[in-house]
Amino acid sequence: LPDQYSILIAIGIKGDTVKELGNNLINIMQDKNNNYWFGSNGEGVYRYDGTTIIHFTTQDGLCNNRIANIQEDRSGNIYFTTAEGISKFDGKDFTTLRVTSNSNKGWKIEPDDLWFKGAQDSGVVYRYDGKSLHRLEFPKTKAGEEFISRHPRSKYPHMTYSPYDVYSIYKDSKGNIWFGTGNLGACRYDGKSFTWMYEEHLTSVPGGGSFGIRS
């Protein structure tokens, strides 16, 4: 019989079969078929089905090898948030989602939405409704605008983040979307309005910098 790698090639599955995971893993997701996905910091993503480990990288179609987050939709497609965009894997091929709407009219909550954080220093998030990828900016806040005015790029040219940058996204049992930010605490969006929750001692680091809400 042909070996497992030959079988994968024959049926058109991308990726390389490897003996072990890499050393720079930063997130894990279990899909509905009980496969485990391991995202790495610069080495792409690994899938383990209980028997075989397959390693996927930009050579297979990922748009970047740093995997910030992994999600699955109702149809079983897997989505990877990377440093250079969002990759979708349909079980065979990778495609890159393209922004189809830059209008903030895209702020809404629908049952099958997927939410993605934007790149560092973008201050945006993305909502994917299965057809369109919406690039969304948060409404300006007093705290956010004060932070920007205190840290002008002319004075801090090496600062590479926005106070509105999102570190984490979570959907609760009532359907509200929670965003953990780098400088502005947590934001809850209920489909109509935004509620910001901020605690100085949970955000600011003595001597400069901020913790950010990671989960």
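Our structure is the block above this text.
Figured I'd write up the structure that's included with this text. (Residues numbered from 1 in each chain as written. Predicted model: local features only at pLDDT ≥ 70, side-chain atom pairs only at ≥ 80, totals over all residues. Heavy atoms only, no water.)

Focus: the pattern of salt bridges
Going by this rule: Think of a salt bridge as a Lys or Arg side-chain nitrogen and an Asp or Glu carboxyl oxygen that are within 4 Å of each other. Only DSSP runs of H or I covering at least 4 residues are called helices, and only runs of E covering at least 2 are called strands; the numbering of each starts at the N terminus. Accessible area is worked out with a 1.4 Å probe on protein chains only. A residue is then buried under 20% of its type maximum, exposed over 50%, and partly exposed in between.
A full pass over the atoms with the stated rule returns six salt bridges. A salt bridge links Lys14 to Asp93; the shortest N-O distance between them is 3.7 Å. With a gap of 79 residues between them, Lys14 in the loop between helix 1 (4-10) and strand 1 (16-18) and Asp93 in the loop between strand 8 (85-89) and strand 9 (94-96) connect regions that are remote in the sequence. Here Lys14 falls in the partly exposed class, since its relative accessible area comes to 30%. With a closest N to O distance of 2.3 Å, Asp112 and Arg74 form a salt bridge. Within this pair, whereas Asp112 is found in the loop between strand 10 (99-101) and strand 11 (114-117), its partner Arg74 is found in the loop between strand 6 (67-72) and strand 7 (78-82), the two being separated by 38 residues in sequence. Here Asp112 falls in the partly exposed class, since its relative accessible area comes to 45%. Under the relative-accessibility criterion, Arg74 is labelled exposed at 64%. Look at the salt bridges and you will find they share partners, linking Glu110, Asp113 and Arg127 into a network.

Things to note about the sheet that holds strand 7
The cut-off we apply is this: A pair of strands counts as paired when DSSP detects no fewer than two bridges linking them. Whenever a helix is involved, its axis is fitted only over the stretch in contact; in every case the axis is a line through C-alpha atoms, and angles between N-to-C directions fall within 0 to 180 degrees.
Overall, antiparallel pairing links the four strands, which are arranged 6-7-8-9 in an open sheet. Two strands close off the open sheet at either side, each with one partner strand: strand 6 and strand 9. Across the sheet, the mean angle from the axis of one strand to that of its neighbour is 25°, orientation sign disregarded. Two strands pair when backbone bridges link them, and strand 8 and strand 9 are joined in this way by three bridges, in the antiparallel orientation. Paired with Lys88 across the strands is Thr95, a residue of strand 9.

What about unusual backbone geometry?
Trans is the prevailing form of peptide bonds, just as negative phi is the prevailing case for residues other than glycine. Positive phi, close to 70°, is recorded for Asn34, a residue that is not glycine. Mapping Asn34 onto the fold places it in the loop between strand 2 (25-30) and strand 3 (36-40). Positive phi outside glycine occurs at Asp121, with the angle close to 75°. Looking at the element boundaries, Asp121 is found in the loop between strand 11 and strand 12 (124-128).

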